Amino acid sequence: MIEFREVTFVHQNGVKALENVSLKIEPGETVAIVGENGAGKTTLVKHVTGLLKPALGTVLVDGEDTTRTSTAQLSRKVGVAFQNPDHQLFSESVEEEMAFGLRNFGFLPELVEQRVTWGLELFGLSEYRKSSPLVLSGGEKKRLTLACILAWDPRVVILDEPTVGQDSIQKEKLAGTIRMLSASGKTVVVVSHDIEFLWPIQPRVVVMKAGKVVGDGPASRLMQDRGLLDSARVAQPQLVEFYDRLGSRPAAPFADPLEARRWIEEGHRS
Amino acid sequence: MSNILEIEDLSFRYPDSPRMAVVDFDLAVPEGEVVVLAGPSGCGKSTLLRAVNGLIPHMYSGEYKGSVRVGGTNVRESNMRELAQKVGFLFQNPENQIFMFTVERDIAFGLENLGVPRQEMRTRVDESMRLLDIGELALRAPHELSDGQKQRVALAGVLAMRPRLVILDEPTSLLDPKTAAELVGLVARLRKELGTTFVVVEHRLDLLVKVADRMVVMNEGRKVLEGTPEEVLFGEDAESYGVSVPSVTRLQKMLLRDGLVQNRGLMTPAELAGAMDGGPV
């Protein structure tokens, strides 16, 4: 669905933000991109949306070269919720904000109405339907940008730091939304520092450092590689670290970190 | 110890909002404490902060009841200029508050606006840069810095005003874990060295609870929980209010319940693993 072939990108100030990145993301995959500030994660995402074009190499989205496709064409296929929602919100009311994109893509009025109601309900924003997006809190604005994107049903959904400003209940819902998207065959890319949020989703993890991909594999394996995580300044999930440090001590009533998590969830419900 | 911040019976509603953003809120913060303010998104945290730094009611009008006092001064009755010297505010995104051509000009910006004499300004800027260990960045352009460095520059600008109370609005949310840990360490050091009081809004608690004296949880504009981090995080209700209880703390709570560990202080994953040694199977 998304393919980077030996992509290099250099900022105007001469800093190499991406260096010879090759990466292939299959349709329906859920991929987390992690790494320290300035590692090139957001630059990578901007290449998928066509906002940035590679200096060297090729970026293909759904088989099409992004240098030969307009950002408008790409945006029908790729929905992105950027880190700062203020860059994306501009309408007078929350419902208008959602309807705007849908009308632009030529959805019929009844369908626009239906999708707006669906999206606002899904993200707990119905009470603000007629309010200005400016009265929303930071976390609510982020949810609104996400609702706008999901409403037009793109094949690829990219979330840049989606958990910033979200409480634990919203994070749980967001994790559920990501699982739902992935179950319905969407390609989902999540850029985040929030390892505690990413780990239970068990995505494929791509670790970036100084513009390069330095690790790529399933969360179950990569999250145990403390050497790799440390060198990329990525935290280890707390339960993985606990289990690791526990070593051969026999006292824990569970077999692995994911089981520990299930045990905690059940314990807190009972 | 005297209270640097006293909020009494505060309620506020924005003009075009369907409901009150803050309702009958009381809080007293003694000088030198680090207080964490948590709660679900939209619970009124940001509104409360605006009422403390004076943006409410001086920039945002609305229905206002009750009072907020900083260092004994009523926020509603003083002006923004006076308040700027009492309350320092660090935004979530440092990009929103650094904009000059060099780091030192940026740090001096607030002082210039107050008309602080040149010599005094020089002293305070140097002191701030030394405190935050960014002296070598003095002549660099802020936009070329890393996110962690930008955060330090913004904080240096705040500290140059020598506020007794500093508010941090989700200071670590855009930082990677290592950089975030450095910032939290800095808060602990400044509190110790300068006696500065910190009110920190944060969802990510794993690092911060180690240095905080107190946690306050808000829900639907009201204060619903208040206590030490241990009391709040091991309590029954924190999670139902959307507080992101660190997973190691949730695990510790379960292990305590089952008698597999005995220590009631908040532990790191490594400490908790170590504490499993002597426990019954």
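Since we're looking at a predicted model, the values are computed, not measured. (Residues numbered from 1 in each chain as written. Chains lettered and ligands numbered in written order. Predicted model: local features only at pLDDT ≥ 70, side-chain atom pairs only at ≥ 80, totals over all residues.)

## Comments concerning the overall build of chain B
Looking only at helices and strands, one finds ten helices and ten strands in chain B. Taking 2.2 N^0.38 as the reference for a compact globule, 281 residues should give roughly 19 Å; the C-alpha atoms of chain B span a radius of gyration of 20 Å, in line with that estimate. Expressed along its principal axes, the backbone C-alpha trace of chain B runs to roughly 65 × 45 × 35 Å. Within chain B, counting contacts between residues at least 6 apart in sequence, those at least 24 apart form 66% of the total. (Helix = DSSP H or I, 4+ residues; strand = E, 2+ residues; numbered from the N terminus. Rg over C-alpha atoms; globule rule 2.2 N^0.38 Å. Contact = placed C-beta atoms within 7 Å.)

## What to know about the sheet that holds strand 1 (residues 2-10) of chain A
Where strands meet in a sheet, backbone hydrogen bonds hold them as pairs that are either parallel or antiparallel. Read from one edge to the other, the open sheet built from four strands follows the order 2-1-4-5 (chain A), with strand pairing classed as antiparallel. Because the sheet does not close on itself, it has two edges, and the strands there are strand 2 (16-25) and strand 5 (64-65) of chain A. (Pairing = 2+ DSSP bridges.)

## Here's the deal with the domain arrangement of chain B
All names here are of chain B. If you check the domain split of chain B, you get domain 1 (1-85 + 165-176 + 202-229) and domain 2 (87-162). Relative to domain 2, the C-alpha centre of domain 1 lies at a distance of 24 Å. Listed by partner, the interface residues are 16 residues for domain 1 and 14 residues for domain 2. In terms of residue class, the side of domain 1 that touches domain 2 is built from eleven nonpolar, three polar and two charged. (Domains from an automatic or database assignment. Nonpolar A, V, L, I, M, F, W, Y, C, P; charged D, E, K, R; others polar.)

## Some points on the confidence of the model for chain B
The predicted model of chain B has a mean per-residue pLDDT of 89, with 98% of residues at 70 or higher. With pTM at 0.84, the complex prediction returns an ipTM value of 0.80. (pLDDT = per-residue confidence, 0-100.)

## Concerning the pairing of strand 1 (residues 3-13) of chain B
All names here are of chain B. In this structure, strand 1 lies alongside strand 2 (residues 22-30), joined through six bridges in antiparallel fashion. Following the sheet pairing, Leu10 is matched in strand 2 by Phe25. Bridge count between strand 1 and strand 4 (residues 63-70): seven bridges; the pairing is antiparallel. Along strand 4, the bridge assignment pairs Glu6 with Arg69.

## Describing unusual backbone geometry
Cis geometry marks the peptide bond from Ile56 of chain B to Pro57 of chain B, where omega comes out at 5°. Following the sequence through the fold, Pro57 of chain B ends up in helix 2 (residues 55-58). Backbone geometry places Ala210 of chain A, a non-glycine residue, at a positive phi of 45°. The class of Ala210 of chain A is partly exposed, set by 16 C-beta atoms lying within 10 Å. Its identity as a non-glycine residue notwithstanding, Asp9 of chain B has a phi of 50°, on the positive side. Note on placement: Asp9 of chain B falls in strand 1. (Buried ≥ 20, exposed ≤ 12 C-beta atoms within 10 Å, placed from the backbone.)

## What to know about the interface of chain B and chain A
Tallying the contact residues gives 43 residues for chain B and 39 residues for chain A. Elements that contribute at least two residues to the side of chain B that touches chain A include exactly helix 6 (147-159), helix 7 (177-194), helix 9 (247-257) and helix 10 (269-275) of chain B. For the side of chain B that touches chain A, the element with the highest residue contribution is helix 9 of chain B, accounting for five residues.

## Digging into the environment of Ala270 of chain B
With respect to the secondary-structure elements, Ala270 of chain B resides in helix 10. Look at Ala270 of chain B and you get partly exposed, because 15 C-beta atoms sit within 10 Å. Note: C-alpha distance between Ala270 of chain B and Ala188 of chain B (82 residues apart in sequence) is 22 Å. Apart from the residues lying within four places of it in its own chain, the contact partners of Ala270 of chain B are Glu241 and Arg245 of chain A.

## What to know about the packing of helix 3 (residues 94-104) of chain A against helix 4 (residues 109-122) of chain A
Residues and elements named next belong to chain A. Across the interface, helix 3 lies against helix 4 with an axial gap of 9 Å and an inter-helix angle of 135°. Comparing their axes, helix 4 and helix 3 come out oblique. In this structure, helix 3 crosses over helix 4, and the sense of that crossing is right-handed. Residues Glu95, Met98, Ala99, Leu102 and Arg103 of helix 3 pack against Val112, Arg115, Val116 and Gly119 of helix 4. Its residues assigned to classes, the contact of helix 3 with helix 4 comprises five nonpolar, one polar and three charged. (Axes fitted to C-alpha atoms, helices over the stretch in contact; angles between N-to-C directions. Parallel < 35°, antiparallel > 145°, perpendicular 65-115°, else oblique. Left-handed = near helix turned anticlockwise from the far one by under 90°.)

## Side note on the nonpolar core
Judged by nonpolar contacts, the single largest core of 81 residues is most densely connected at Ala147 and Ile158 of chain A. Dropping the residues within four chain positions of it, Ile158 of chain A is found in contact with Val45, Val48, Val78, Gly79, Val80 and Val189 of chain A. Membership of the second largest hydrophobic core comes to 74 residues, among which are Ile7, Val158, Val209 and Ala238 of chain B. (Core = buried A, V, L, I, M, F, W, Y, C linked by C-beta atoms within 7 Å.)

## Concerning the sheet that holds strand 3 (residues 34-38) of chain B
Residue and element names in this part refer to chain B. In spatial order, the strands read 6-7-8-3-9-10; together these six strands make up an open sheet with mixed pairing. Whereas interior strands pair on both sides, the edge strands pair on one side only; in this sheet they are strand 6 (87-90) and strand 10 (222-227). The mean angle between the axes of side-by-side strands here comes to 20°, regardless of whether they run parallel or antiparallel. Relative to strand 9 (residues 214-219), strand 3 is paired through four bridges, and the arrangement is parallel. The partner of Val36 across the bridge, within strand 9, is Met215. Here helix 1 (residues 45-53) sits on the sheet and contacts strand 3, strand 6, strand 7 (165-169), strand 8 (197-201) and strand 9; the angle it forms with strand 7, its principal contact strand, is near 155°.

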